[in-house]
Amino acid sequence: MPPVIDLKKCKGCGTCDLHCPLDVILFDQQTKTPIVRYPDECWHCGSCRLDCPADAVSIQFGPEMLYV
Amino acid sequence: MAQNLDQFGVVLDTDVLVVGGGLAGNNAAIGAAEKGARVLIADKSSINRCGAIAGGVDHFMAYLGTDTWDSREAYLEWVGRIARGAVNVSVQNAVFCRELDAAIERMDRIGCTLKQPDGKYYRTSSFGLPGPYMINFNGKHLKPLLAKEARRLGCKVVEKCSISGLLTSDGQVIGAVGFNIRNGTFYVIKAKTTILATGNTNRIFENPTNMPFNTWQCPANTGAAQTMAFEAGAQLANMEIVRITLVPRGFSAAGLNALTGMGGKIVNAAGEEFMPRYHPMGSKAPRSKLVQSVMQEISEGRGPVYVDCRHLSDKDMTHLYTTLGYDKDTLPDFIEQKGVNLRKDRLEIMTSEGMQGGPSEVCSSGIMIDEETKSSLPGLFGAGDCADQMRCTHVCTTGGYLSGKMAAEYSGQLKDLPISVAQVREMKEKVFAPLSGSGRLTQRKFEDTMRKMLWMYAGPARNAHSLDVALDKLEQLGKRYSDIAAQNYHELMRVGESYQIMQVAKMMCHASLERKETRFYVYHNRTDYPETKPEYDGQIVVQKTDGGIKTFFKKLDYSTMPEK
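For clarity, every value in this text was computed on a predicted model and none was experimentally measured.

Novice: I'd love a proper account of the interface of chain A and chain B, names of residues and values included.
Specialist: On the side of chain B, 38 residues touch chain A, which itself brings 30 residues to the contact. With both chains or domains summed, chain A and chain B bury close to 3,000 Å², and 54% of this area falls on carbon and sulfur atoms. Three residues stand out in chain A for area buried against chain B, namely A:Asp23, A:Trp43 and A:Leu50, and they jointly supply 23% of the buried area on that side. The interface formed by chain A and chain B contains seven salt bridges. Across the pair A:Arg49 and B:Asp329 runs a salt bridge, and its minimum N-O distance is 3.2 Å. The interface formed by chain A and chain B includes 20 residue pairs in polar contact (both at pLDDT 80 or more). The set of elements that each furnish at least two residues to the side of chain A that touches chain B consists of helix H1 (15–19), strand S2 (25–28), helix H2 (47–51) and helix H3 (63–66) of chain A. By residue number, the principal contributor to the side of chain A that touches chain B is H2(A), which donates four residues. When the residues that make up the side of chain A that touches chain B are grouped by side-chain class, the tally is 17 nonpolar, five polar and eight charged.

Novice: Got a sec to walk through the sheet that holds strand S5 (residues 134–136) of chain B? Specific residues and values, please.
Specialist: Backbone-to-backbone hydrogen bonds join strands into a sheet, with any given pair of strands oriented parallel or antiparallel. All names here are of chain B. Strand order across the open sheet formed by three strands is S3-S5-S4, with antiparallel pairing between neighbours. Strands at the two margins of the open sheet, each flanked by one partner only, are strand S3 (59–61) and strand S4 (122–124). For this sheet, the mean angle separating the axes of adjacent strands, direction not counted, is 35 degrees.

Novice: So what's going on with the packing of helix H15 (residues 443–458) of chain B against helix H17 (residues 489–514) of chain B? Which residues, and what values?
Specialist: Residues and elements named next belong to chain B. Remark: H15 packs on H17, axes separated minimally by 10 Å, with the N-to-C direction vectors making an angle of 15 degrees. When the axes of H15 and H17 are compared, the pair comes out roughly parallel. In terms of crossing hand, the pair formed by H15 and H17 is left-handed. Contacts between H15 and H17 involve Gln-443, Phe-446, Glu-447, Met-450, Leu-454 and Ala-458 from the former and Arg-494, Val-495, Glu-497, Ser-498, Ile-501, Met-502, Ala-505, Met-508 and Cys-509 from the latter. The residue makeup of the contact of H15 with H17, split by class, is 10 nonpolar, two polar and three charged.

Novice: Mind laying out the pattern of salt bridges, listing which residues take part and the relevant values?
Specialist: Summed over the entire model, instances satisfying the criterion amount to 50 salt bridges over all chains. One salt bridge connects B:Arg203 with B:Glu447, and the closest N-O pair in it is separated by 2.7 Å. Here the residue B:Arg203 occupies a position in the loop between strand S9 (186–196) and helix H7 (224–232), and B:Glu447 occupies one in helix H15, the gap between them amounting to 244 residues. Taking relative accessible area as the criterion, B:Arg203 reaches 2% and is therefore assigned buried. Overall, the relative accessible area of 2% leaves B:Glu447 in the buried class. By sharing partners, the salt bridges in this structure join A:Glu41, B:Lys44, B:Arg203, B:Arg444, B:Glu447, B:Asp448, B:Arg451, B:Arg494 and B:Glu497 into a single network.

Novice: Break down the sheet that holds strand S14 (residues 305–308) of chain B for me, citing the residues and quoting the values.
Specialist: All names here are of chain B. Strand order in the open sheet formed by four strands is S12-S15-S14-S13, with antiparallel pairing between adjacent strands. Looking at which strands have only one partner, the edges of the open sheet turn out to be strand S12 (246–248) and strand S13 (265–267). Mean inter-strand twist for the sheet, computed between neighbouring axes without regard to direction, equals 40 degrees. Examined bridge by bridge, S13 and S14 share three bridges and lie antiparallel to one another. Note on S14: the bridge partner recorded for Val-267 is Tyr-306.

Novice: Describe the pairing of strand S20 (residues 549–555) of chain B, naming the residues involved and giving the relevant values.
Specialist: Working note: regular strand, side chains alternate between the two faces of the sheet. Residues and elements named next belong to chain B. Where strand S19 (residues 538–544) and S20 come together, seven bridges link them in antiparallel fashion. Counted as the bridge partner of Val-541 is Phe-552 from S20. Taken together, S19 and the strand that follows it, S20, pair antiparallel across an intervening segment of four residues.

Novice: Tell me about the side chain of B:Ser169, and please be specific about residues and values.
Specialist: With respect to the helices and strands, the residue B:Ser169 is situated in strand S7 (residues 161–169). Non-local contacts of B:Ser169, meaning those with residues more than four positions away in its chain, are made with B:Ile174, B:Leu417 and B:Pro418.

Novice: Quick rundown of unusual backbone geometry? Include the residues and the values.
Specialist: Residue B:Pro304 is bonded to the preceding B:Gly303 through a cis peptide linkage, with omega at 0 degrees. Positioned with a positive phi, A:Asp55 is a non-glycine residue whose angle comes to about 55 degrees. Its location among the elements puts A:Asp55 in the loop between H2 and strand S4 (57–58). What makes A:Asp55 exposed here is its relative accessible area of 53%.

Rules of the game
- Residues numbered from 1 in each chain as written.
- Chains lettered and ligands numbered in written order.
- Predicted model: local features only at pLDDT ≥ 70, side-chain atom pairs only at ≥ 80, totals over all residues.
- Heavy atoms only, no water.
- Contact = heavy atoms within 4.5 Å.
- Buried area = accessible area lost by both parts, 1.4 Å probe.
- Salt bridge = Lys/Arg side-chain N within 4 Å of Asp/Glu carboxyl O.
- Polar contact = N/O pair within 3.5 Å; in protein donor to acceptor, adjacent residues only side chain to side chain.
- Helix = DSSP H or I, 4+ residues; strand = E, 2+ residues; numbered from the N terminus.
- Nonpolar A, V, L, I, M, F, W, Y, C, P; charged D, E, K, R; others polar.
- Pairing = 2+ DSSP bridges.
- Axes fitted to C-alpha atoms, helices over the stretch in contact; angles between N-to-C directions.
- Parallel < 35°, antiparallel > 145°, perpendicular 65-115°, else oblique.
- Left-handed = near helix turned anticlockwise from the far one by under 90°.
- Buried < 20%, exposed > 50% of the residue type's maximum accessible area, 1.4 Å probe, protein only.

If you want it as structure tokens, here you go:
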């Protein structure tokens, strides 16, 4: 279920929300945290990780892709 | 008039509207802005990262004049051969060859050079190329660099905006409407000229991993341009093609050409490099032939199939590992998490999901464009994968830029026609209708059904009867479209995408019925007409009629070399 966002590292800038091509990530303005809202719609393109200034995003593939 | 339109939402006015801020769209915006036009780019995500090369790209095809194979003439000869029956060589000359030098210079200028750190080009060969046309480069940040340049030139950007339809008057395209995918704000955009650049159509065929967004090209690309252009009355071509490629098993990722380009061998369970049995170019055969051969090896029980890179030299392996993530940023993670070390292990591959796109690396499916990237409708231009004569990084870069220049030039020449309030009202009602759908059917179930059905009846093996069945089932399923309900504007976007996929599927089936032959191996495999026929050396054109869809054949000339 990529991406996985480490909220301890996250600086709350919202770039992952802005740059996600699939609108998978929603930056919650109230809590200032990103939520992976539509994980099934992830394209695994890595844009969120590439542009995260806090290195808070990692990509973890699920068994449904690794072992199919 | 503006006041009348204000009742619907936000009204914007521009010279050139670019729909889709991907590789072609950004280049188009840059081309138009450099000509002095007011430019507005609308995209349903962000122009920094969207479209097929969102997370990067690693190859750009070009001839550089070092040898006879490395010339415009040799390139166009190859283009006319590999995509014969879909490619218009004269248009290719205009959208690629004439723009190539400027594109290479532009990429240098914006900070995304095609050269290696040592100042040289690293060139590889794959997919039936007559020589190493593929320039390997680090394009991980090509998209944000292009976006930065477009903004620097003053282009306005409306993001998270899904464009849903074209505004027309007297047969001329005069703008578009759309909505914000978070808050539902409705946009009415008046434009002197409009460039559609929304890519190919994905999520159209059954996905081998049952994950519809696990696609080779961007799953946000669902045929928006093809659908909107069709509904406005434009001519489309190459719509019958089913594109399939080879991907790592489980992950429909681009980047496999990096492995085969470096000399990776495609082998079966017995370790046999089987491609020479199917094609004289072996593992470097055209993509359509590779796909067909892998399908056959597996169906005849000689799978699984792998890419074997273990024989590569240390130097080549180091280059491969350095550049592997350039095309698909997360591919190295996938390989590592699978526990595969390319120095010691083979990487299992599979055939990808089918997609609607062109038959080769040079031309695609969609809006039929001429040498100036004009569609058959005044005011409407096509760029990138949604246009019939652009595909891959190289042509989307060169041709996208040309479409921007042309749209800017024509923006001063077309009639200034008023927007019809009735048309805007009708389009707004149509796009927001799923917000009050009955909810008896989910968008996922609708799409899953369509994908499974299309793969069965209109996939890599089709005949007249199966295509008729597909059209009938599309008709029946289409009657249930209004049962889908969207709970929010994100879901509304997805439901609209399902509609686009359905419209593209109809065009695909009709076009395929018109092409009574097999061409490009599995990309247009008519089992009832297994031969490739010279009389079909041309395109199937699709166009809307009052009651439905008409198709006709248009012959193309492959006997003359276009002028430089």
